Amino acid sequence: MTDTVPTLYDWCGGSAALHRLTDVFYDRVLADPVLEPVFRHMGPNHRDHVARWLGEVFGGPTDYTDELGGYPAMLSHHIGLAITEEQRVRWATLIAASADEAGLPEDPEFRSAFVAYVEWGTRIARENAAPGATPMQNAPTPRWGWGEAPPYLD
């Protein structure tokens, strides 16, 4: 293994790959009877903002924090949504399935890290969106890595 391990952002193809992912994903969301009611009124920049969030989380540029408000802004979009477990699971399932169509890497190390973040992030979103929730307001934007199985590079 070399001394330089790429970020998840670089490994997946950067901004272009994450924008493809959010386009594929939100097309599926808008056709989904469980998620469409939650997202039918999303603004025209929603897909871009989610791609930028994922980019920052996966080790890319800090655009979401620098330009869109970071974790406090992300949190504000979830407060009061009352996300159900069925919606959380559907969101996680659809984005994982969208990764194939969007051309994200298929290697098990990347997909493990990707799905681990999605599972963690959707659970945090559900908790923060619960009626009466009092989430931490000023947490940093998470930075997600390879976990226990980084890619082995020649």
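Thresholds applied
- Residues numbered from 1 in each chain as written.
- Predicted model: local features only at pLDDT ≥ 70, side-chain atom pairs only at ≥ 80, totals over all residues.
- Heavy atoms only, no water.
- Helix = DSSP H or I, 4+ residues; strand = E, 2+ residues; numbered from the N terminus.
- Rg over C-alpha atoms; globule rule 2.2 N^0.38 Å.
- Buried < 20%, exposed > 50% of the residue type's maximum accessible area, 1.4 Å probe, protein only.
- Contact = heavy atoms within 4.5 Å.
- Areas by Shrake-Rupley, 256 points an atom, 1.4 Å probe, with all protein chains shown as cover.
- Lys, Arg positive; Asp, Glu negative; His and termini not counted.
- Charge placed at Lys NZ, Arg CZ, Asp CG, Glu CD.
- Phe/Tyr/Trp six-rings, centres within 6.5 Å; stacked < 30°, edge-to-face > 60°.
- Salt bridge = Lys/Arg side-chain N within 4 Å of Asp/Glu carboxyl O.
- Expected span 1.5 Å × (residues − 1).
- Axes fitted to C-alpha atoms, helices over the stretch in contact; angles between N-to-C directions.
- Parallel < 35°, antiparallel > 145°, perpendicular 65-115°, else oblique.
- Left-handed = near helix turned anticlockwise from the far one by under 90°.
- Nonpolar A, V, L, I, M, F, W, Y, C, P; charged D, E, K, R; others polar.

*Asks:* Go over the overall build of the protein chain with me, naming the residues and quoting the values.
*Replies:* For the protein chain, the helix and strand inventory stands at eight helices and zero strands. Each helix and strand of the protein chain, ordered N terminal to C terminal, gives the series α-α-α-α-α-α-α-α. A compact globule built from 154 residues would reach a C-alpha radius of gyration of about 15 Å, and the protein chain, at 15 Å, matches this within 12%. Its C-alpha atoms put the protein chain at 50 × 35 × 25 Å along the principal axes. Burial status across the protein chain gives 42% buried among its 154 residues. Sequence-distant contacts in the protein chain: of pairs separated by 6 or more residues, those separated by 24 or more amount to 75%. Summing over all exposed atoms, the protein chain offers an accessible surface of approximately 8,100 Å²; the carbon and sulfur share of this is 55%. Taking the 11 positively charged and 22 negatively charged side chains of the protein chain as two groups, their mean positions are separated by 7 Å.

*Asks:* Before we move on, can you summarise the packing of aromatic side chains with the specific residues and values?
*Replies:* Per the stated rule, a full pass over the model turns up 11 aromatic pairs. Among the aromatic residues, those joined into a ring-pair cluster are Phe 58, Phe 110, Phe 114, Tyr 117, Trp 120 and Trp 144.

*Asks:* Give a description of the pattern of salt bridges that names residues and reports values.
*Replies:* For the structure shown, the criterion picks out 12 salt bridges. Of the charged contacts, one joins Arg 123 and Glu 119 as a salt bridge, the two residues approaching to 2.7 Å between their closest N and O atoms. Taken together, the residues Arg 123 and Glu 119, both in helix H8 (residues 108–129) and four residues apart, mark about one turn of the helix.

*Asks:* Outline unusual backbone geometry, supporting the account with residue identities and numerical values.
*Replies:* A positive phi angle, close to 55 degrees, is found at Ala 82, a residue other than glycine. If you trace the backbone, Ala 82 turns up in the loop between helix H6 (70–76) and helix H7 (85–101).

*Asks:* How would you sum up helix H4 (residues 46–57)? Please name residues and give values.
*Replies:* Each α-helix winds once per 3.6 residues, and so residues spaced three or four apart point in a common direction. Between the first and last C-alpha of H4 there are 16 Å, a value that for 12 residues agrees with the 16 Å anticipated at 1.5 Å per step. When we look at burial in H4, the residues that qualify are Val 50, Ala 51, Arg 52, Trp 53, Leu 54, Gly 55, Glu 56 and Val 57. Next to the buried residues of H4 lie helix H1 (8–12), helix H2 (14–30), helix H5 (63–68), H6, H7 and H8.

*Asks:* Break down the packing of H2 against H4 for me, with residues and values.
*Replies:* Between H2 and H4, whose axes approach to 9 Å, the crossing angle comes to 130 degrees. As judged from the angle between their axes, H2 and H4 are oblique. Judged by the sense of rotation from one axis to the other, the crossing of H2 with H4 is right-handed. Between H2, through Leu 18, His 19, Leu 21, Thr 22, Asp 23, Tyr 26, Asp 27 and Leu 30, and H4, the contact on the second element is made entirely by His 46, Arg 47, Asp 48, Val 50, Ala 51, Arg 52, Leu 54 and Gly 55. Classifying every residue of the contact of H2 with H4 gives seven nonpolar, four polar and five charged.

*Asks:* How would you sum up the environment of Gln 137? Please name residues and give values.
*Replies:* Tracing the backbone shows Gln 137 in the segment after H8. Along the primary structure Gln 137 and Trp 91 are separated by 46 residues, whereas in three dimensions their C-alpha atoms are 23 Å apart. Residue contacts for Gln 137: discarding those within four places in its chain leaves Tyr 71, Pro 72 and Leu 75.

*Asks:* A description of the environment of Leu 68 should follow, citing residues and the corresponding values.
*Replies:* In this structure, Leu 68 sits in helix H5. Among residues more than four places away in sequence, those in contact with Leu 68 are His 49, Arg 52, Asp 63 and Ala 73.

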